[in-house]
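# Summary of structural features
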Amino acid sequence: MKTILIPTDFSDISKNAVVYGLQLAQSIGAEIKLIHVLEIYKFAAGTSEAELISTILPAENIQEMEESARKSFDNFLSDILPQLSTQVPYQTNVITGHLVNEMVVQSALPGIDLIILAVSGSQDLMTRFTHNTISAILSEAQCPVLVVPSNFAFRPMKKVVIASDFQKEELDMIANFLNSFNVFNPQITILHVTNRPIDFRTELKMAGMKQLVTEKTHYHNFYFQLKNHKNVVQGIIEQTAGADLLLMLKEHEGFFKSLFEASKAEKITHYLKIPMLSYR
């Protein structure tokens, strides 16, 4: 892994993601690209997020906003960099556009291997990293996306849970993950949660998964687990207790829909307690 992209709005929530990303980069020998997006847009009455219209601003106003953002970067990093035991290569960039669109564009650039996003359980805090924004970036990004809860401090990925639906694409995901993070030598639990009775066919699929994973990765620190739960999302989250990372394919649509479209009474941190890494 070469470059990790981290968008920030300079809030405490995104600061935690930046600290996590820098410490992760320090562990795996990657560099960091920090980006702040100036959204010089406004909403027309009754429009949706997809129907943003450009605000007409004089060029000098935009330049002032960019200069202010660059100064904010300096202040932001002055609190963060002293926390690192060694220096991590990084660059900062201020661009104008729409946050989701810009993240999708950046994710497709050569050399961008991972995006790290901050997530909070509250929509009352001053941050642009709302659940809708995160869900949109997860859905559209061309590279893996790591979502970090605002209260989670970095720790080596020693215990990883993979939410499996027995898809063949999961084999490539696991191989790619090990290629990027094998420095941690993680204990990996491949977990399948179903709201149906665990029958012989399900057990047979898990046995086949076990054989294929071992053959493809030549890695042996795997555990395999079948669980029955009436709510698949809650069942997966319950099995991540004590883990350092939840890993899954983006195509696990039922999980993401339940996780990021939870009701206001069920904030995301009610579910997500550890970082979640999503692959396409």
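Up top you'll find the structure we're talking about.
First, a word on scope: everything that follows refers to the structure included in this document.

### Things to note about the nonpolar core
Residues Ile-4, Leu-24, Ile-116, Phe-177 and Phe-181 are the most contacted members of the largest nonpolar core, which totals 82 residues. Sort the elements by how many residues they give to this core and helix H1 (residues 12–28) lands first, with nine residues. With near-sequence residues (within four places) excluded, Phe-177 lies in contact with Met-157, Val-160, Asn-182, Pro-186, Ile-188, Leu-245, Leu-247, Leu-277 and Tyr-279.

### Comments concerning the layout of surface pockets
Using a probe with the size of a water molecule, rolled over the atoms, empty space left in the structure can be pinpointed. Considering only enclosed or pocket space, the largest pocket measures out at about 350 Å³ in volume. In terms of lining residues, the largest pocket is bounded by 14 residues, among which His-192, Thr-194, Arg-196, Thr-202 and Lys-205 are the most central. Among the elements of the structure, strand S9 (187–194) and helix H6 (200–217) are those that each provide at least two residues to the lining of the largest pocket.

### So, the environment of Pro-149
You can see Pro-149 is positioned in strand S7 (residues 145–149). Using a relative accessible area of 1% as the deciding quantity, one classes Pro-149 as buried. C-alpha of Pro-149 to C-alpha of Pro-275: the two residues are 126 residues apart in sequence and 6.3 Å apart in space. Apart from residues lying up to four places away in sequence, Pro-149 is in contact with Asn-16, Val-119, Leu-272, Lys-273, Ile-274 and Pro-275.

### Some details on the packing of aromatic side chains
Tallied over the full model, the rule gives seven aromatic pairs. A ring pair is formed by Tyr-20 and Phe-152, whose centres lie 6.4 Å apart and whose planes are at 50 degrees; its orientation type is tilted. A residue pair is termed long-range when its members are at least 10 positions apart, and Tyr-20 in helix H1 and Phe-152 in the loop between S7 and strand S8 (159–163) qualify at 132 residues. Ring-pair connections join several aromatic residues into one group, and the members of that group are Phe-10, Phe-73 and Phe-76.

Conventions adopted
Residues numbered from 1 in each chain as written. Predicted model: local features only at pLDDT ≥ 70, side-chain atom pairs only at ≥ 80, totals over all residues. Heavy atoms only, no water. Core = buried A, V, L, I, M, F, W, Y, C linked by side-chain atoms within 4.5 Å. Buried < 20%, exposed > 50% of the residue type's maximum accessible area, 1.4 Å probe, protein only. Helix = DSSP H or I, 4+ residues; strand = E, 2+ residues; numbered from the N terminus. Contact = heavy atoms within 4.5 Å. 1 Å grid on protein atoms, 1.4 Å probe; cavity = no way out; pocket = protein on both sides within 12 Å on 5 of 7 lines; lining within 4 Å. Points joined across faces, edges and corners; volume = space filled by probe spheres on them. Phe/Tyr/Trp six-rings, centres within 6.5 Å; stacked < 30°, edge-to-face > 60°.

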